[in-house]
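# A closer look at the structure
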Amino acid sequence: MSDDYLWDGSGPPDPEVERLERLLGRLRNTAPAPSFDELSRGAAGLKTRHEVSWTSARFIVPTLAAAAAIVAMIGVTWQTTRRTHSWEVERMAGRPRIGSTLVSNTGRLGVGETLTTDAASRARLDVSTIGQATVDTDSRVRLVDTREGHHQLALERGTLHAFIIAPPGQFVVETPSATATDLGCVYTLHVDEDGTGVLSVTAGWVAFEFNGRESFVPAGASSRTDPRVGPGTPRFDDAEPEIQAALDDLDYGTDAAKKAQDLQVVLEKARARDAMTLWHLIARVASADRGAVIDALAARVPMPAAVSRDAVMRLDKTALDQWWDALGLRDASWWRKWKGPLPQ
Amino acid sequence: MEQVLGLADGEPVVAIGVFGRPQVDPAVDVRAVAGGDGQAFARVYESYSRMVHAILLGRVPRRDVDDLVQDVFLTAYTRIRELREPKAFGGWIATIARNRATDYLRQTREQVELPDELPGGDSIEAETFAVLQEIRKLPDAYRDTLLMRLVEGMSGQEIADRTGLAPGSVRVNLHRGMKLLREKLGRPDAIHTGMTHE
């Protein structure tokens, strides 16, 4: 039997699906939309509740009662504090552990604690109130810090998928060879035992940084990383394999002659879409090669009128910023303004 | 299914979905809600309340679901300016709903343990809640998708549009979820359902 009926009600009716629709349809949402005016008042109430004066007489008795309640609550304060400084962990498969404790269904990961999954286990983390992260098999992840506006994990090995809805910069993942700062996005980060890794971005942006070397990785692109060097040059996942291999060698190879050939491959075969990669290379190649990279980028995305070749050769931040803006990628100015100079 | 985007004469462009429900580009309305547009809020509620209701129904007792739906939309309204990408609204409000359900369960666990659904003497109602209980035991992805389809009457494409999931993922979730549910309900055709999209 086809599942077209299950999909959209078309095709021959599936008797069991029909029966369940009739049964469960009784539970359907029927509540009308709340009044927008009431909602606005409710929202205003949430925002200003703390501004209400409590010094008038009608608040004195409740205040004294509240004070007594506070005393009674001292015994449970540690639990609240723990919640504030920990994240909910939900077991998805197998037997994940927090420290040495098995997570049967749910648990809490406190600051300084490590969540470990084996070859058969996976877990989901609530990243405070700003998103979720899924920890795949054979992974170790430690909660470094969590507080208003800043949430930080350390991925020691394995794979983590992050879905973050907070403003840029609030969610950070350290790895042995780079730190990933979320700029509002969905991404996957993988780290091998030797500290090498790869970041792949599905939506939004991630800034990848190690010892001042930075990569801005947009949706559809990836960046390798290696503890010897830091983040590699980002490239779109649909770039020619030959270009990707050449970039890997440029980033992490040691043979100067081979690297010169690699650069030629990249400059000749880059598509217009690969301008993002060429832009990163401007600051990464030796100054003797910089002119060729600038020419290759200009052939794909013309240098803005306000930008001079000399300024780009000097790695002038303003000039590089303006050319970046001309690439037609989404704005990453928040990161650039916050962090200062561009990738070195 | 036709994709609908943009404005015409100042109004969001509307088309009719396979289940006959109007479809509006949500990004247009989400931006308008952030600007204080009450009519846009009503449309956003119409578009997303069934998804939120389904997510909550899969996690908390039915008697509290309606109140929590209101809570979720209030939270979304107060925080909507934090949402930088209006097209991500579906995933965003779904996360708010899941977190609200988690908070609810924590609070009620610390208070008096109340019984869940009480079927009463109606045999149809008893069967309804028995099925609901089985769906609640399914993995999240199957549970939410099945409740959106079987309770809320959303089509697979509507579920994909609202949640931000790929249509193929929704189809797989529906198919596998239904297969698991048939097994749990002891249906004889549990093993022999069609597998047209796996």
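Numbers given to residues run from 1 along each chain, matching the order in which its sequence is written. Following the order in which they are written, the chains are lettered starting with A and the ligands numbered starting with 1. Local features in this predicted model are restricted to residues of pLDDT 70 or higher, and side-chain atom pairs are both shown and tallied only at a pLDDT of 80 or more, whereas totals for entire chains, interfaces and linings draw on every residue. To get the side-chain values, all heavy atoms of the structure are used, and hydrogens and water are removed first.

## Focus on the nonpolar core
Threshold: By convention a nonpolar core is built from buried Ala, Val, Leu, Ile, Met, Phe, Trp, Tyr and Cys residues, the set being connected through side-chain atoms within 4.5 Å. Relative accessible area decides the class of each residue, using a 1.4 Å probe on protein chains only: under 20% of the type maximum gives buried, over 50% gives exposed, and in between gives partly exposed. Only DSSP runs of H or I reaching four residues or more are called helices, and only runs of E reaching two or more are called strands; each is numbered from the N terminus. Whether two residues are in contact is decided by their heavy atoms, any of which lying within 4.5 Å being enough.
Of all hydrophobic cores here, the largest spans 68 residues; its most connected members are Phe-171 and Tyr-187 of chain A. Broken down by element, this core gets its largest block of residues, six residues, from helix 7 (residues 275-282) of chain A. Apart from the residues within four sequence positions on either side, Phe-171 of chain A is in contact with Trp-87, Val-127, Ile-130, His-151, Leu-153, Ala-162, Ile-164, Ala-180, Thr-181, Asp-182 and Tyr-187 of chain A. If you look at the next biggest cluster of nonpolar residues, it comprises 59 residues, including Ala-40, Met-51, Leu-56 and Val-72 of chain B.

## Quick notes on the pairing of strand 6 (residues 122-127) of chain A
Residue and element names in this part refer to chain A. Put simply, the test is: Any two strands are treated as partners once DSSP identifies two or more bridges connecting them.
Among the six residues that make up strand 6, five are buried, leaving the element largely enclosed by the rest of the structure. Here strand 1 (residues 86-93) runs beside strand 6; their pairing, made up of four bridges, is antiparallel. Looking at the pairing, Ala-93 lines up with Arg-122 of strand 6. Looking at chain direction, strand 6 and strand 7 (residues 131-135) are connected through five bridges and run antiparallel. Of the residues in strand 7, the one forming a bridge with Leu-125 is Ala-133. The antiparallel pairing of strand 6 with strand 7 creates a hairpin that spans three residues between the two strands, and Ser-128 there sits at a positive phi of about 50°.

## A few points about the interface of chain B and chain A
Formally: Two parts placed together each lose some accessible area; with a 1.4 Å probe, that loss summed over both constitutes the buried area. Definition used for salt bridges: Asp or Glu carboxyl oxygen within 4 Å of a side-chain nitrogen of Lys or Arg. Note on residue classes: Ala, Val, Leu, Ile, Met, Phe, Trp, Tyr, Cys and Pro are nonpolar, Asp, Glu, Lys and Arg are charged, and everything else, Gly too, is polar.
Listed by partner, the interface residues are 61 residues for chain B and 49 residues for chain A. Between chain B and chain A, the buried area comes to about 4800 Å², and carbon and sulfur atoms account for 57% of it. Here chain B is connected to chain A by six salt bridges. The partner of Arg-182 of chain B in a salt bridge is Asp-14 of chain A, with the nearest N and O atoms 2.6 Å apart. Going through the elements one at a time, helix 2 (38-57), helix 3 (62-79), helix 4 (89-110), helix 5 (123-136), helix 6 (140-150), helix 7 (156-163) and helix 8 (167-184) of chain B are the ones with two or more residues in the side of chain B that touches chain A. The residue inventory of the side of chain B that touches chain A, partitioned by class, reads 22 nonpolar, 20 polar and 19 charged.

## As for the packing of aromatic side chains
The cut-off we apply is this: For Phe, Tyr and Trp, rings pair up if their centres lie within 6.5 Å, where Trp contributes its six-membered ring, and each pair is then called stacked (planes under 30 degrees apart), edge-to-face (over 60) or tilted (otherwise). Criterion for a charge above a ring: Arg CZ or Lys NZ at most 6 Å from the ring centre, at most 35 degrees from the ring normal.
The full count for this structure, using the stated rule, is eleven aromatic pairs over all chains. Centre to centre, the rings of Phe-41 of chain B and Tyr-45 of chain B are 6.4 Å apart; their planes meet at 40°, and the pair counts as tilted. Here the residue Phe-41 of chain B and the residue Tyr-45 of chain B both occupy positions in helix 2, the gap between them amounting to four residues, near one helical turn. Tyr-45 of chain B matches Phe-41 of chain B in its accessibility class, with the two residues each being buried. In textbook terms, an aromatic cluster arises when at least three aromatic residues are bridged by ring pairs, as seen for Trp-205, Phe-216, Trp-279 and Trp-324 of chain A. Just above the ring of Trp-7 of chain A sits the side chain of Arg-171 of chain B; from NZ or CZ to the centre is 4.4 Å.

## A short note on the pairing of strand 8 (residues 139-147) of chain A
Residue and element names in this part refer to chain A. With four bridges connecting them, strand 5 (residues 114-117) and strand 8 associate as antiparallel partners. Each residue of the ladder has a partner; that of Thr-114, found in strand 8, is Arg-142. As paired elements, strand 8 and strand 9 (residues 150-164) share seven bridges and run antiparallel to each other. Bridge pairing in strand 9 links Val-141 to Leu-155. Connecting the antiparallel pair strand 8 and strand 9 is a turn made up of two residues, with Gly-149 showing a positive phi of about 85°.

## As for the pattern of salt bridges
Counted under the stated rule, the structure contains 37 salt bridges over all chains. In this structure, the salt-bridge partner of Arg-142 of chain A is Glu-156 of chain A, at a minimum N-O distance of 3.3 Å. Of this pair, Arg-142 of chain A sits in strand 8 while Glu-156 of chain A sits in strand 9, and the two are 14 residues apart along the sequence. What makes Arg-142 of chain A partly exposed here is its relative accessible area of 27%. Given the relative accessible area of 28%, Glu-156 of chain A is considered partly exposed. Ionic pairing is found between Asp-248 of chain A and Arg-224 of chain A, a salt bridge with its closest N-O pair at 3.3 Å. Placement of Asp-248 of chain A in helix 5 (residues 241-252) and of Arg-224 of chain A in strand 16 (residues 221-226) is noted, with a sequence separation of 24 residues between them. The network of salt bridges with shared partners includes Glu-90 and Arg-124 of chain A together with Arg-59, Arg-98, Asp-140, Arg-143 and Asp-144 of chain B.

## Some points on the confidence of the model for chain A
Our working definition: Confidence of the predictor at the level of single residues is given by pLDDT, which spans 0 to 100.
Confidence in the prediction of chain A, expressed as mean pLDDT, is 82, and 81% of residues score 70 or more. This model gives residues 337-344 of chain A a pLDDT under 50, and the stretch forms 21 contacts once residues within four places in sequence are excluded.

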